[in-house]
Amino acid sequence: MLKVHRTHQAKICNYSQVAESLDRHGWSASKLWNVANYHARNVWDETGEIPDHKDLKRELKTHPKYNGLHSQSSQRVLEELAESFHSWYQKRKSDDRANPPGYRKRNYYDQDGNRVHEEHPRSTVTWKQNGFKHDQKHNKIRLSKGANHKEHPKAWEYMLVEYETRPDATVENVQQVRAVYNRAKGQWELHIVCKDEIETPDAPGDETAGIDLGICNFAAVAYSTEEADLYPGNRLKQDGYYFPKEIAKCDDSGGKRATRLHAKWSDRRTHFFHSLAKHIVERCVEKQVGRINIGDLERVREDGDGEAKNWGRHGNLDLHGWAFDRFTSIFTYKAKVEGIEVNEVDERNTSKTCCVCGKTDENQRVERGLYVCDEHNDAFNADVNGAENIRLDINSVDESNSESSGQLSGDRCTGWLAQPAVYLYDLSCGFQPQTEVVDCRP
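Residues numbered from 1 in each chain as written. Predicted model: local features only at pLDDT ≥ 70, side-chain atom pairs only at ≥ 80, totals over all residues. Heavy atoms only, no water.

The name recorded for the protein in an unreviewed UniProt entry is Transposase, from Natronomonas aquatica.

This is how it looks when you write it as structure tokens:
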């Protein structure tokens, strides 16, 4: 049995009855975020250290803004802020232009550029299990109010939300409820997180595969059947150029058009990840793969001494926009549903090592997409070579095991390493062989 968490997006049926109360809680979440942000910045300025979520909770649990939400909802706001500061701290190691988490506020200006007024945006509010009660039979959820928003009658101490999901969705074993303000639509919606247990089938077979994640080729897959696939990231890069330019043309960066563009960009990126993960898993099932090694990129931002690695101005920007962790999470889930084991392995030296003879030389990668081994004078696709080394897991093997170290045999076929199959993303039908994709519009 595999335990998974599913998020069901739900429409609020009694919207007019709860919209005002949800607004107040969304504004309270923003105010608490700002108070905690101010405190965290002061601690950073004074000590050079970032307070974690436990420090923030201990410091702010008596603050008036903390009572604007249910206690667990307030805790979640502080946890999100601590996570954001941690991400900023990691990013600034290689990009000194990185800014700390901002305040949640929106300024409005008149035609002369003078600020007319300022308001807090509606932040997402999360209720954990002690903050809600679910009536599965009648599709209703009671959401506890913060102490600052409670009124005298007991019935007014919570919001009774009636919701509607897709007909095929089963909402049970609810773990969390999130009220999310959809700025593009100008209204609230519920995201209901449920825990499910699903039966997983036996592994499709005993074959193995390795996946190397990258920027130009988002994924390269090497199979033990001596076949390989390439998945260029052209669509992601096109969107990465197109949408920021369109957003920059908007008069108001927080206006409706800019918001719609941000939402569309995010949706397209998410759809790309899901389509790619689905296609790779289907190919693995077809090739009877039972275990997949995928590159662990946690250390990609560090050099050999654990210090920040500088990839250059544009390289750092590309790297931080590279959502490899999100894709890995999506892919791991889809693979496990098919009974395939997924392991994250160290990527160190996988791009420098020849997967046939095991020789390591960074000069053998003569171009970004070409790897030439001087030992036996063969040329490979560089990303496929890296994927094959990840499949072999060259960094965790016993040196006495020549088969695992890349030296499989002297007469090993290498043609498949040079000519992988290429799949491109088509907006209408997902990933298809390169020769069949005709939709190249941005």
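One pass over the structure, following the stated rule, counts 18 salt bridges. Arg76 serves as the salt-bridge partner of Glu83, at 3.4 Å between the closest nitrogen and oxygen. When its relative accessible area of 44% is taken as the criterion, Glu83 is described as partly exposed. With its nearest N and O atoms 2.9 Å apart, the salt bridge here joins Asp239 to Arg268. Taken together, the residues span a long stretch of sequence, with Asp239 in helix α4 (residues 234-248) and Arg268 in helix α5 (residues 256-286) at a distance of 29 residues. Grouping residues by exposure puts Asp239 and Arg268 together as buried. (Salt bridge = Lys/Arg side-chain N within 4 Å of Asp/Glu carboxyl O. Buried < 20%, exposed > 50% of the residue type's maximum accessible area, 1.4 Å probe, protein only. Helix = DSSP H or I, 4+ residues; strand = E, 2+ residues; numbered from the N terminus.)

Spatial strand order, β4-β8-β9-β1-β7-β6-β5: seven strands in an open sheet with antiparallel pairing. The open sheet is flanked by β4 (125-127) and β5 (132-135), the only strands paired with a single partner. Taken pair by pair, the neighbouring strands of this sheet meet at an average axis angle of 30°, ignoring direction. Pairing analysis gives nine bridges linking strand β1 (residues 2-12) to strand β9 (residues 187-198), with the strands arranged antiparallel. Looking at the pairing, His8 lines up with Ile192 of β9. (Pairing = 2+ DSSP bridges. Axes fitted to C-alpha atoms, helices over the stretch in contact; angles between N-to-C directions.)

Of the residues making up helix α2 (residues 53-60), those classed as buried are Leu56, Lys57 and Leu60. For α2, the angular spread of the buried residues around the axis is 100°, confining them to a single face. Opposite the buried face of α2, at more than 90 degrees from it, the exposed residues are Lys54 and Arg58. Its side-chain oxygen placed 3.1 Å from the backbone nitrogen of Lys54, Asp52 serves as the N-cap of α2. (Arc of directions from axis to C-beta. Polar contact = N/O pair within 3.5 Å; in protein donor to acceptor, adjacent residues only side chain to side chain.)

We now examine helix α1 (residues 15-47). Under the 1.5 Å per step criterion, the end-to-end length of α1 is 46 Å for 33 residues, consistent within 8% with the ideal 48 Å. Immediately downstream of α1, the backbone of Gly48 shows phi near 75°, a positive value. (Expected span 1.5 Å × (residues − 1).)

Here we have seven strands laid out as an open sheet, ordered β14-β13-β10-β11-β12-β17-β18, and mixed in their pairing. Two strands bound the open sheet, and with one partner strand each, they are β14 (341-346) and β18 (430-433). Adjacent strand axes in the sheet meet at a mean angle of 25° when their direction is disregarded. Taken together, the four bridges between strand β17 (residues 421-426) and β18 define a ladder with antiparallel strand orientation. Across the sheet, the residue bridging to Asp426 is Gly430, located in β18.

Take the packing of aromatic side chains next. Counted under the stated rule, the structure contains 18 aromatic pairs. With 5.9 Å between their ring centres and 85° between their planes, Phe218 and Phe272 make a pair best called edge-to-face. Taken together, the positions of Phe218 in strand β11 (residues 217-223) and Phe272 in helix α5 put the pair 54 residues apart, joining distant regions of the chain. For the pair Phe218 and Phe272, one class covers both residues: buried. What links up through ring pairs into an aromatic cluster is the set Phe218, Tyr231, Phe272, Phe273, Phe327, Phe331, Tyr423, Tyr425 and Phe431. Sitting above the plane of the Trp265 ring, Arg269 keeps its charged end 5.3 Å from the centroid. (Phe/Tyr/Trp six-rings, centres within 6.5 Å; stacked < 30°, edge-to-face > 60°. Lys NZ or Arg CZ within 6 Å of the ring centre and 35° of its normal.)

With that settled, consider the pairing of β9. Extensive coverage of β9 is indicated by the burial of nine of its twelve residues. With eight bridges joining them, strand β8 (residues 174-182) and β9 adopt antiparallel strand pairing. Bridge pairing in β9 links Gln176 to Val193. The hairpin turn running from β8 into β9, its antiparallel successor, is four residues long, and Gly186 in that turn takes a positive phi close to 70°.

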